[in-house]
Structure formats: C-alpha cells, structure tokens
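The primary structure of each chain is shown beneath.
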Amino acid sequence: MSACLSGGIDFYVLAGRSGLDSIRSIRWPSMSSVPPTEWQFLGLNADNWIAISSAVVALLGVALAVRYARRSAKAAQESAQVGRDAAQAGKEAADAARRSAEEAATISQIERERRHDDLGPAHPGEIVAVAEQTSGGRSLFGSITVARGYRVKATGWNGTASTLISLPLVLHANQPYRFHIEHFPADAQKPTTEELRFAFWSPIAEDEVPTWSCPCSRPTGEQADGAGHWELRVPVGYRRPPRVRGF
Ligand SMILES: [Zn+2]
C-alpha cells in the first residue's frame, strides 16, 4: 500500500491557531498512478467510472435543460395568455365605451329630434279656402296662425305646377295671416290648388320677433329659400256655400 502512495498529491491541513506547528502532510493516491485492478468496483475501472460520471452529468444537464425549457415554455404560454386576457379586457372596455358613446349620441339625437318637433309649427290638418268677392273679382283666401315667430315661404300646388303664395317673410306669434290662394270664378266648382307647401325657419336677429333656434342641423332661414327647416304640406279644403233659394 505504501507503494501505491508514492507519487500522490500532498494535502496540508491547518489544525492549530498558528497553523505552522500543526501542519500534517497527508499523501493521497493519484488516479493515474493507481493500478486498474485496485480501483475496480462492480467490475468497472476508473476510466469506466469517469465516463459514466461524465454521461450522468451530461444527462443531468440535458434533464435540467429540458425542465428549464418546459418551464420557459409554460411561462411563455402563461405570459401569452395574460397578454390575450389583457387584450380581450381592453377590447371589451373599448366596446363598452363605444356602446356608451353610441347610446349617448342616440339619446342626444332623440332629444334633438324631440326638441325639433316641439319647436315646429303645428300642422293645421287643412286650410279651408274661403271665396270672397274683391275689386279684382272672386278669389279664394286662406289663413294661417303660428304659435311662435317664424320665417316662412309658401307655394300653392295644383298637381303639376306651383305658385308662390303672398305672405310676409316673418310671421308673428298668434296672429292670423290671410293670404290669397287663387282666383275663383263664379262658375268654378272647386279650387285648382290642391295643397299648400310651407317652408318654415326660425327667425334671425334682424327679424322683429323674439329669436330662438333649433338644436338640430337642418337648414337655417337666412335666405328663406330652398329647403325649409320645417316643411308642411297642407291640403286645401273647400266647401261650397249652401245655395240660398229665393221665393
Ligand atoms: Zn330642427
């Protein structure tokens, strides 16, 4: 056994406080100097065990790498899921905000339309034409009264053509306005004017009536021409006066 220790590696162990007087030299066997027969275990020599150890270490490395890769993949999946959840939550929040904005816009639009209807002139159902004798002959006249001041333009429509109706540009509230519809000879049976078409606008600053405005975006009446902010088509009614029989 002493022969086996020759050529080994020296180990020095510090056993005391100063260390110098307690140094003992221990000589351990060198692997390369040990005869193969003395390092055999389970029928394997040192080189075999070194190879096995290296293989085990390599396998452990592979196992650790696989485990790390699996953990990394799982973490990546979880991270991706968190990202998808966040994106979904963001999309749902955006959808909710969009729906809320659309509902608010719809409600606002409904309120504007309700206000528009409230501000418009009431439809009279019909305008009854009344025949009267004037210095220029016999004519039909109608009348209109509005609840608030408007700018107005009116035309009479006979089915194929229209005629401008003579009315003031601005109508004052609660004041009846009488207007000429058509000439109506004594032998006429009924008016040729079938309906009256009115275009109304809210008054502007220069009009001598209280100004007001509608919150909707329909045309305004600066020019008092073209499309009206409110438009009414009113049929013309006529009832022949009862014939008076003489004796
Ligand atoms: Zn309006």
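Residues numbered from 1 in each chain as written. Predicted model: local features only at pLDDT ≥ 70, side-chain atom pairs only at ≥ 80, totals over all residues.

### Description of the overall build of the protein chain
Here is step 1: A count of helices and strands for the protein chain gives two helices and 11 strands.
Here is step 2: Listing every helix and strand of the protein chain by position from the N terminus yields α-β-β-α-β-β-β-β-β-β-β-β-β.
Here is step 3: Buried residues in the protein chain amount to 13% of all 247 residues.
Here is step 4: Across the protein chain, contacts joining residues at least 24 apart in sequence account for 62% of those joining residues at least 6 apart. (Helix = DSSP H or I, 4+ residues; strand = E, 2+ residues; numbered from the N terminus. Buried ≥ 20, exposed ≤ 12 C-beta atoms within 10 Å, placed from the backbone. Contact = placed C-beta atoms within 7 Å.)

### Digging into the pairing of strand E4 (residues 130-134)
Both faces of the sheet carry side chains from a regular strand, because those side chains alternate between them.
Here is step 1: In terms of burial, E4 is largely open, as just zero of its five residues are buried.
Here is step 2: Note that E4 and strand E5 (residues 137-144) share five bridges and pair antiparallel. Across the sheet, the residue bridging to alanine 131 is leucine 140, located in E5. (Pairing = 2+ DSSP bridges.)

### Focus on the sheet that holds strand E9 (residues 177-183)
Here is step 1: Pairing is antiparallel across the open sheet formed by three strands, whose spatial order is E4-E5-E9. Single-partner strands in this sheet number two, and they are E4 and E9. Each adjacent strand pair in this sheet contributes to an overall mean axis angle of 45 degrees, direction not counted. (Axes fitted to C-alpha atoms, helices over the stretch in contact; angles between N-to-C directions.)

### Brief notes about the nonpolar core
Here is step 1: Formed by 21 residues in total, the largest nonpolar core has its most connected members in Ala129, Tyr150, Val152, Leu196, Phe198, Phe200 and Val236.
Here is step 2: The set of elements that each furnish at least two residues to this core consists of E5, strand E6 (150-157), strand E10 (195-201) and strand E11 (230-237).
Here is step 3: The element best represented in this core is E10, accounting for five residues.
Here is step 4: In this structure leucine 196 touches Ile127, Gly142, Ala154, Gly156, Ile165, Val234 and Val236, once residues within four positions along its chain are discounted. (Core = buried A, V, L, I, M, F, W, Y, C linked by C-beta atoms within 7 Å.)

### A few points about the environment of glycine 221
Here is step 1: Residue position: glycine 221 is located in the loop between E10 and E11.
Here is step 2: Taking the C-beta count within 10 Å as the criterion, glycine 221 has 22 such neighbours and is therefore assigned buried.
Here is step 3: The spatial distance from the C-alpha of glycine 221 to the C-alpha of lysine 153 is 10.0 Å, given a sequence separation of 68 residues.

### Quick word on helix H2 (residues 46-119)
Here is step 1: Taking 1.5 Å of rise per residue, 74 residues should cover 110 Å, and H2 covers 107 Å from first to last C-alpha, within 8% of that figure.
Here is step 2: Of all the 74 residues making up H2, zero are buried; the element is thus mostly uncovered. (Expected span 1.5 Å × (residues − 1).)

### Looking at unusual backbone geometry
Here is step 1: Although it is not a glycine, asparagine 174 adopts a positive phi angle of roughly 55 degrees.
Here is step 2: Here asparagine 174 falls in the exposed class, since 10 other C-beta atoms lie within 10 Å of it.

### Quick look at the confidence of the model for the protein chain
Here is step 1: Per-residue confidence for the protein chain averages 84 on the pLDDT scale, and 81% of its residues sit at or above 70.
Here is step 2: Overall, residues 1-29 carries pLDDT values under 50, and its contacts beyond four positions in sequence, including any with other chains, amount to 30 contacts. (pLDDT = per-residue confidence, 0-100.)

### Section: the environment of proline 124
Here is step 1: Position of proline 124 relative to the elements: it lies in the loop between H2 and strand E3 (127-128).
Here is step 2: Here proline 124 falls in the partly exposed class, since 17 other C-beta atoms lie within 10 Å of it.

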